[in-house]
Amino acid sequence: MLTRGGAEAEWVRAAEAAAKALAPVFVPDVLWTTFGQMEAVIVTRRVARRIQKPWVLDIKDNWELYVPRGLRRLMAWRVRGFGASTSNAERTRELAEKWLGTDARVIYSGVDDCYFAPSHVPATDRFVINLVGSLYFPDLLEGLLRGIRVWYVQLTAGQQSRVCLRHIGAQGDLVHELCARTVPGLAVEAPGYVSPSEMARLCQQAGINVYIHHSANFHHKLLELLACNRPVMAFPGESRESIDLAATAGATFFVPSTPNEVAGTFEVLSRSFFELRPPAPSPAAAQLTCYAWANQTRQLETVLAETGKKL
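Residues numbered from 1 in each chain as written. Predicted model: local features only at pLDDT ≥ 70, side-chain atom pairs only at ≥ 80, totals over all residues. Heavy atoms only, no water.

K.L.:
How do you make sense of the sheet that holds strand S7 (residues 187–189) when you look at a structure like this?
P.N.:
Each strand in a sheet pairs with its neighbour through backbone hydrogen bonds, running either in the same direction (parallel) or in the opposite one (antiparallel). Read across the sheet, 6 strands follow the order S7-S6-S5-S8-S9-S10 without closing on themselves; strand pairing throughout is parallel. Every interior strand has two partners, whereas the edge strands, S7 and strand S10 (253–254), have only one. Of the pairings in the sheet, the one linking strand S5 (residues 127–132) to strand S8 (residues 208–212) comprises 3 bridges and is parallel in character. Paired with Leu131 across the bridge in S8 is Val210. Along the sheet, helix H6 (residues 138–152) contacts S5, strand S6 (163–168), S8 and strand S9 (232–235); its crossing angle with S5, the most-contacted strand, is approximately 170 degrees. Helix-sheet contacts for helix H8 (residues 172–182) involve S5, S6 and S7, and the interaxial angle to S6 is about 150 degrees. (Pairing = 2+ DSSP bridges. Helix = DSSP H or I, 4+ residues; strand = E, 2+ residues; numbered from the N terminus. Contact = heavy atoms within 4.5 Å. Axes fitted to C-alpha atoms, helices over the stretch in contact; angles between N-to-C directions.)

If you want it as structure tokens, here you go:
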């Protein structure tokens, strides 16, 4: 970061060279760059200064998580000069204000229209628990599975045969391994990464959609899952921002912090399923259309247009 802009020094040099080569035929009104790694920010700042155009810093990740301690103020000084800033959540905005001294405009990543399509009715033959996205910490996954086990072992053999844990993500091997050890007998599916439309279909049909909470991040997938009109669980807990988003949408959102609380949630949810009572859909989708891609894009366009007029 200090000497080369980041670990991908070759990319930094190549990107600068490409921008220079394009300069005779392409001069943007404004530049926009996303921070997750530092290289793109360094390149954008250099290019903007060379062509004398304003630039916008989009902060999509936790500054404290991706910039080492001791370098945070220094790197904030190195990327100074942006005309405006955006962030993908209030949590990210607060950290940007702390370290970069900027009041970023919160623009959520947006939800694909497929999540707002008419909901698929949950299957009546199986109670599917979708485990969505990155799992981050094996010990948290194991805690979740211990809670599922407390609930699962109390079911009849016939009920157990109708329960399935499905991991939508890239860590299927870990899920298979820990589940076999923690909840033997529970059926596990791991389709891996799927398209947005397929993810929407699978999540709209689930008994519940679950994800592991990383306390340093905002989980954009929450908005997608809420739009699917099915109950959502974050383990072990969630941020106030996420809880408020779910509450505003009127969604069914559980944030258990212990395995026993997980078990209690599944007991309540599965009771109506096994009694063949149709599950009530959450009304969240209608309240979340403001977070659709098109609506969030309009907000970004406004920031870019206003910044582009500054020089």
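Structure shown, so let's carry the discussion forward.
K.L.:
I tried to follow the pairing of strand S1 (residues 31–35) on my own but got confused; where do I start?
P.N.:
The side chains of a regular strand alternate, residue by residue, between the two faces of the sheet. Residue alternation in S1 divides its side chains into a buried set, Leu31, Thr33 and Phe35, and an unburied set, Trp32 and Thr34. Sheet analysis places S1 next to strand S2 (residues 55–59), joined by 5 bridges and oriented parallel. Counterpart to Thr34 in the pairing with S2 is Asp58. Handedness of the crossover joining S1 and S2 through helix H2 (residues 39–51) is recorded here as right-handed. (Buried < 20%, exposed > 50% of the residue type's maximum accessible area, 1.4 Å probe, protein only. Right-handed = clockwise from strand over helix to strand, strands pointing away.)

K.L.:
Is there a simple way to think about the state of the cysteines in this case?
P.N.:
Linking two cysteines covalently through their sulfur atoms gives a disulfide. Scanning the entire structure with this criterion turns up 0 disulfides. Cys290 carries a free sulfur, and the closest cysteine sulfur to it, the one in Cys228, is 16 Å from it. (Disulfide = S-S within 2.5 Å.)

K.L.:
Quick question: what am I supposed to make of the nonpolar core here?
P.N.:
When a protein is soluble and globular, its nonpolar side chains tend to lie buried together. Core analysis: the largest hydrophobic core is formed by 31 residues, its most contacted members being Phe127, Ile129, Leu144, Ile148, Trp151, Val163 and Phe266. If you list the elements that add at least two residues to this core, you get S5, H6, S6, H8, S8, S9 and helix H12 (259–274). Apart from residues no more than four positions distant in its own chain, Phe127 is found in contact with Trp151, Arg162, Val163, Cys164, Gly207, Ile208, Phe266, Leu269, Ser270 and Phe273. Among the nonpolar cores identified, the runner-up in size contains 30 residues, and Val106, Val111, Ala227 and Ala251 belong to it. (Core = buried A, V, L, I, M, F, W, Y, C linked by side-chain atoms within 4.5 Å.)

K.L.:
I would appreciate a short explanation of the packing of H6 against H8 in the present structure.
P.N.:
Any two packed helices are characterised by how steeply their axes cross, that is the angle between the axes, and by the distance between the axes. Packing of H6 against H8 brings their axes to within 10 Å, and their N-to-C directions diverge by 45 degrees. Between H6 and H8, the crossing angle belongs to the class labelled oblique. The two elements H6 and H8 meet at a crossing, and its hand is right-handed. For the pair H6 and H8, the contacting residues are Pro138, Leu141, Glu142, Leu145, Arg146 and Arg149 in the first and Leu174, Val175, Leu178, Cys179, Arg181 and Thr182 in the second. Of the residues belonging to the contact of H6 with H8, the class tally is 7 nonpolar, 1 polar and 4 charged. (Parallel < 35°, antiparallel > 145°, perpendicular 65-115°, else oblique. Left-handed = near helix turned anticlockwise from the far one by under 90°. Nonpolar A, V, L, I, M, F, W, Y, C, P; charged D, E, K, R; others polar.)

K.L.:
When you look at the pairing of S8 in this model, what are you seeing that I'm missing?
P.N.:
Within S8, 5 of the 5 residues are buried, which leaves it mostly tucked inside the rest of the structure. Alternating residues of S8 divide into Ile208, Val210 and Ile212 and Asn209 and Tyr211, and every residue in both groups is buried. Pairing between S8 and S9: 4 bridges, direction parallel. Counted as the bridge partner of Asn209 is Val232 from S9. Regarding the hand of the β-α-β motif, the stretch spanning S8, helix H10 (residues 221–227) and S9 is right-handed.

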